[in-house]
Amino acid sequence: MYPVNPVALDIRLLTDILDGRPEAWGSEEGTNAREKIARAAAAHPEAMIIRISLQGMRRVDTSFARECVVELACQFRGRRGVCVTEIASKDVLDNLNAAAVTRDQPLVVWNSKEPQFIGPKLSDDTRDILRLVTKRGEVGTAEAAKILGKQVNNVSTRLKRLSNEGLVLRRDVNASTGGLEFRYLSIQ
Amino acid sequence: MAYRVELPSRWINGLVFENALREDSGPIESQEASVVFSVASGAALMVDASVRLLSLSNQLRHKGKRVTLEFCRQDTSTYDYLDRIGFFRELHDDIVVHPERPSFSAASRYFGGNPGVVEIRRLRLGEIDHEAPERLERALMSALPQGERRERVGSAAYYLFSELIGNVHEHSCSALDGYAALQVYRNGNSARIAVSDSGEGLLETLRPCLPEKYPELVHLDSTALLMHGLRRGGLSRKGKGQGGDGLHRCAAYAMELEANLDIRMPAHSLRVNAKQGSLRKASAQARGNMPRIGGTHVVLDFRLD
């Protein structure tokens, strides 16, 4: 059972992983960084969300972004949520997006109060569901279907897929009617 | 009898250097056991030709050939330039230099002290210099006036270097080191970036993987395959989703700089003109029409204003 408000593990790339160096590039460095983050995550099994802050990072190239962040999101999708915060420059965001597109792995980015979903293009329906989950923080399948005016089966399928892709977190709760209900949480 | 390459009395960029090699299949595959590069009085090697000469000389020596570089005694300008950028420091010890090798590298004296003229940086395989892209970026930015253009050029140059140098370390698979260099040509208000390795070659490592990893691209010829990689990315010998975004990002930054991009491989070369939002193939050559040079050599030249 996942906690109501999922615990997040906050990682500052600059200070926690790169020892203060504000430029990160290359596949090898990206792989090393990912392994460090994964070890930190293993040491905190209670953390359902891994938040990677890029504050202070002046340069992050596409190869590093792919091996460190995008591969991490791939590794944990369906089990833990990964999001990126505090991206200082458009170049870094573009490089992260390019890596996410190539890897076909969507990624949640928070640079303001509204999230961005970068990587592979999302359909309008998918975006509507994501906006709903983000706005509420957490939503159940039936509830989402009612608000969106769509069939429960349709919304259920989409939400499960979004969870498997790493765009939302899923938790199981006891339903009032007995049995389990799936609830979907925003990764933030 | 030596295979002689005469580097003429003029500005020598990568293309002029290639033309000087044009004799049968080139020095690597020639029968001669010796190769002589003769640098004429008045020859002015640009940084990309310098790096290519360096790579080729070391490749020839690695293949067991006797290599000699001849410079003119009366005109030492090219010799002095090469010394200042670290050429002789990186040249294998067995390679003979006439009239003589510098006894002490001028690059070591000037290291990092020539704004806009950056020494050839060795890319030691297995040993990544994490500060290389930043140092090269700073050298370029030091030659530009303050302003938005300076920031954009600096950023683009950083990422070009990081991706190209990263590719050398990851894919070169060579016993020989690679090289990265940058030069600002103030009179022309332009800059030139060169990154070279002596590996198998970009296409040569990619093509054998196509039937298994990218069957839909097997039918593409070399030029079309490269253009696909530049425009769309995602081509990696490891397979789909496993990389190949470096070259694509290089193309994106080349478009931002409106650069000319040259990619020279053992049996193929491609020249692309990059403008904002578009990549246009300017020229392409394939085996049978060009001498063999080992490795992948990427050059970008762009205006600074």
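Source: prediction; values computed, not measured.

Colleague: Describe the interface of chain B and chain A, listing the residues and the values that go with them.
Modeller: Counting from both sides, the interface comprises 24 residues of chain B and, opposite them, 23 residues of chain A. Carbon and sulfur atoms make up 45% of the surface buried where chain B meets chain A, a total of about 2000 Å² over both sides. The three residues of chain B that bury the most area against chain A are B:H130, B:Y159 and B:D245, which together make up 28% of that side's buried surface. Put simply, chain B and chain A have four salt bridges between them. The partner of A:R58 in a salt bridge is B:E137, with the nearest N and O atoms 2.7 Å apart. Taken together, the connections running from chain B to chain A amount to 16 residue pairs in polar contact (both at pLDDT 80 or more). Among the secondary structure elements, those contributing two or more residues to the side of chain B that touches chain A are α6 (132-141), α7 (148-171) and α11 (245-257) of chain B.

Colleague: Residue-level account of the sheet that holds strand β1 (residues 7-12) of chain A, with values.
Modeller: All names here are of chain A. One open sheet holds the five strands; their spatial order is β1-β3-β5-β6-β7, and the pairing between them is mixed. Unpaired on one side and paired on the other, β1 and β7 (115-118) mark the two borders of the sheet. Pairwise comparison of adjacent strand axes, ignoring direction, gives a mean angle of 30° for this sheet. Taken together, the six bridges between β1 and strand β3 (residues 47-53) define a ladder with parallel strand orientation.

Colleague: How would you explain the pattern of salt bridges if you had to name every residue and give the values?
Modeller: Pairing of side chains with opposite charge becomes possible as their charged atoms draw close. All names here are of chain B. Summed over the entire model, instances satisfying the criterion amount to 41 salt bridges over all chains. Note that R138 is salt-bridged to E134, the shortest N-O span being 3.3 Å. Residue R138 and its partner E134 are located together in helix α6, separated by four residues, close to a single helical turn. Judged by relative accessible area, R138 falls into the partly exposed class, the value being 45%.

Colleague: Before we move on, can you summarise the layout of surface pockets with the specific residues and values?
Modeller: All names here are of chain B. When its volume is computed, the largest pocket comes out at roughly 390 Å³. Surrounding the largest pocket, 21 residues form its lining, G14, L15, E18, D262 and R271 being those nearest its centre. Contributing elements (two or more residues each) for the lining of the largest pocket: α1 (14-21), α2 (47-62), β10 (260-265), β11 (268-275), β12 (278-286) and β13 (297-303). If one sorts the elements of the lining of the largest pocket by residue count, α1 sits on top with four residues. In the lining of the largest pocket, the residues fall into six nonpolar, six polar and nine charged.

Colleague: Explain the confidence of the model for chain B to me, using residue names and the numbers behind them.
Modeller: Residue and element names in this part refer to chain B. On average, residues of chain B score 89 in pLDDT, and 95% of them reach the 70 mark or higher. Mean pLDDT per element in chain B: helix α5 (residues 106-110) is the minimum at 67, and strand β5 (residues 66-70) is the maximum at 97. Predicted complex, confidence summary: ipTM 0.91, pTM 0.92.

Colleague: If you had to explain the sheet that holds strand β8 (residues 138-140) of chain A to someone new, which residues and values would you point to?
Modeller: All names here are of chain A. The strand order β8-β10-β9 describes an open sheet built from three strands, whose pairing is antiparallel. Looking along the sheet, the strands with just one partner apiece sit at the ends: β8 and β9 (168-174). Strand-to-strand twist across the sheet, computed as the mean angle between neighbouring axes with direction ignored, equals 30°. Direction of pairing for β9 relative to strand β10 (residues 180-186): antiparallel, over a ladder of seven bridges. Residue L169 lies in a different strand from β10, and its bridge partner there is L185.

Colleague: Run through the side chain of B:S50, naming residues and quoting values.
Modeller: Tracing the backbone shows B:S50 in helix α2. Apart from residues no more than four positions distant in its own chain, B:S50 is found in contact with B:L45, B:Y81, B:L82, B:I85 and B:F87.

Colleague: Provide a residue-level description of empty space enclosed by the protein, including the pertinent values.
Modeller: Inspection of the entire model under this criterion finds four cavities of 30 Å³ or more. Taken as a whole, the largest cavity encloses approximately 510 Å³ of empty space. Taken together, 35 residues line the largest cavity, and the ones lying closest to its centre are B:N167, B:H171, B:L202, B:T205 and B:L247. For the lining of the largest cavity, the elements supplying multiple residues, two or more each, are α3 (62-76) of chain A together with α7, β9 (190-196), α8 (202-206), α10 (222-232) and α11 of chain B. Broken down by element, the lining of the largest cavity gets its largest block of residues, seven residues, from α7(B). Here the residues of the lining of the largest cavity are counted per class, giving ten nonpolar, 17 polar and eight charged. Quantified by volume, the second largest cavity comes out at close to 50 Å³. Around the second largest cavity, the lining residues are A:V108, A:W110, A:P115, A:F117, A:L130, A:V133, A:T134, A:L167, A:V168, A:S186 and A:I187. Taken together, the elements giving at least two residues each to the lining of the second largest cavity come down to β6 (107-110), β7 and α5 (124-136) of chain A. Of the residues forming the lining of the second largest cavity, the biggest block, three residues, is contributed by α5(A).

Colleague: Pulling in residues and values, what's your account of the pairing of β9(B)?
Modeller: Residue and element names in this part refer to chain B. Buried residues dominate β9, accounting for seven of its seven residues. Of the two faces of β9, the one carrying S190, R192, A194 and S196 and the one carrying A191, I193 and V195 are both buried. Hairpin connection, strand β8 (residues 178-185) to β9: the antiparallel pair is bridged by four residues, and N189 has positive phi, about 50°. In this structure, β9 lies alongside β13, joined through seven bridges in antiparallel fashion. Its bridge partner lying in β13, R192 is registered against D301.

Colleague: Give a detailed account of the packing of aromatic side chains, specifying residues and quantitative values.
Modeller: All names here are of chain B. Applying the stated criterion across every chain yields a total of eight aromatic pairs over all chains. Both rings, one in F17 and one in F37, keep their centres 6.5 Å apart while their planes meet at 20°; by these two values the pair is stacked. With a gap of 20 residues between them, F17 in helix α1 and F37 in strand β3 (residues 34-39) connect regions that are remote in the sequence. Comparing F17 with F37 shows no difference in burial state: the two are buried.

Conventions we followed
- Residues numbered from 1 in each chain as written.
- Chains lettered and ligands numbered in written order.
- Predicted model: local features only at pLDDT ≥ 70, side-chain atom pairs only at ≥ 80, totals over all residues.
- Heavy atoms only, no water.
- Contact = heavy atoms within 4.5 Å.
- Buried area = accessible area lost by both parts, 1.4 Å probe.
- Salt bridge = Lys/Arg side-chain N within 4 Å of Asp/Glu carboxyl O.
- Polar contact = N/O pair within 3.5 Å; in protein donor to acceptor, adjacent residues only side chain to side chain.
- Helix = DSSP H or I, 4+ residues; strand = E, 2+ residues; numbered from the N terminus.
- Pairing = 2+ DSSP bridges.
- Axes fitted to C-alpha atoms, helices over the stretch in contact; angles between N-to-C directions.
- Buried < 20%, exposed > 50% of the residue type's maximum accessible area, 1.4 Å probe, protein only.
- 1 Å grid on protein atoms, 1.4 Å probe; cavity = no way out; pocket = protein on both sides within 12 Å on 5 of 7 lines; lining within 4 Å.
- Points joined across faces, edges and corners; volume = space filled by probe spheres on them.
- Nonpolar A, V, L, I, M, F, W, Y, C, P; charged D, E, K, R; others polar.
- pLDDT = per-residue confidence, 0-100.
- Phe/Tyr/Trp six-rings, centres within 6.5 Å; stacked < 30°, edge-to-face > 60°.

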